[in-house]
Amino acid sequence: MSPPIGKDSKSCSKMGFNHLQLGPMLCPAKFLSEFNKDLAEKRIQARSLKVTASLWPAYLYPGDSPGKDFDPEDIIEGLLRGYLLECVSVILPLIIVCNFLSC
């Protein structure tokens, strides 16, 4: 992750939607093409674009970059098949089992 996010970071100005790598992942998939052109990013920062729970973030969809394979005509297609979720679904059970066995 570049720039890194550390516990000692006192400023939130480079986190969330403002972070170079996290911003596109958090952006609603439906606005991702605008976000990549800085249009949606500016609207989100200006609070004229409200990000709600009904707007699925790009990291939930597959693609070389998060949300790249998003289809606005069929928002269910590919939902919950993003790279990050697939990694978590494989790694998290292993962590749980390892913690259980070490008790």
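Fair warning: this is a prediction, and the values are worked out from it, not measured in the lab. (Residues numbered from 1 in each chain as written. Predicted model: local features only at pLDDT ≥ 70, side-chain atom pairs only at ≥ 80, totals over all residues. Heavy atoms only, no water.)

Asker: Help me understand the pattern of salt bridges, please; the structure alone is not making it clear to me.
Answerer: Note on pairing: side chains with opposite charge can pair once their charged atoms come close. Using the criterion set out here, one finds 1 salt bridge in the structure. Residues aspartate 64 and lysine 68 are paired through a salt bridge, measuring 4.0 Å at the closest nitrogen-oxygen approach. With a relative accessible area of 78%, aspartate 64 lands in the exposed category. The class of lysine 68 is exposed, set by a relative accessible area of 53%. (Salt bridge = Lys/Arg side-chain N within 4 Å of Asp/Glu carboxyl O. Buried < 20%, exposed > 50% of the residue type's maximum accessible area, 1.4 Å probe, protein only.)

Asker: How should I be thinking about the nonpolar core in this particular structure?
Answerer: Side chains of nonpolar character tend, in soluble globular proteins, to be buried together. Core analysis: the biggest nonpolar cluster contains 8 residues, these being Cys27, Phe31, Leu32, Phe35, Ile44, Leu49, Leu55 and Ala58. With 5 residues, the next largest nonpolar core counts Ala29, Leu60, Tyr61 and Phe70 among its residues. (Core = buried A, V, L, I, M, F, W, Y, C linked by side-chain atoms within 4.5 Å.)

Asker: Please explain a nonpolar patch on the surface as it appears in this structure.
Answerer: Where nonpolar side chains cluster on the molecular surface, the patch consists of Leu84, Val88, Val90, Ile91, Leu92, Leu94, Ile95 and Ile96 and spans about 720 Å² of accessible area. Secondary-structure assignment places leucine 94 in helix α4 (residues 83–101). (Patch = residues over 30% accessible without salt bridge, like charges linked within 9 Å, V, L, I, M, F, W, Y side chains within 5 Å. Areas by Shrake-Rupley, 256 points an atom, 1.4 Å probe, with all protein chains shown as cover. Helix = DSSP H or I, 4+ residues; strand = E, 2+ residues; numbered from the N terminus.)

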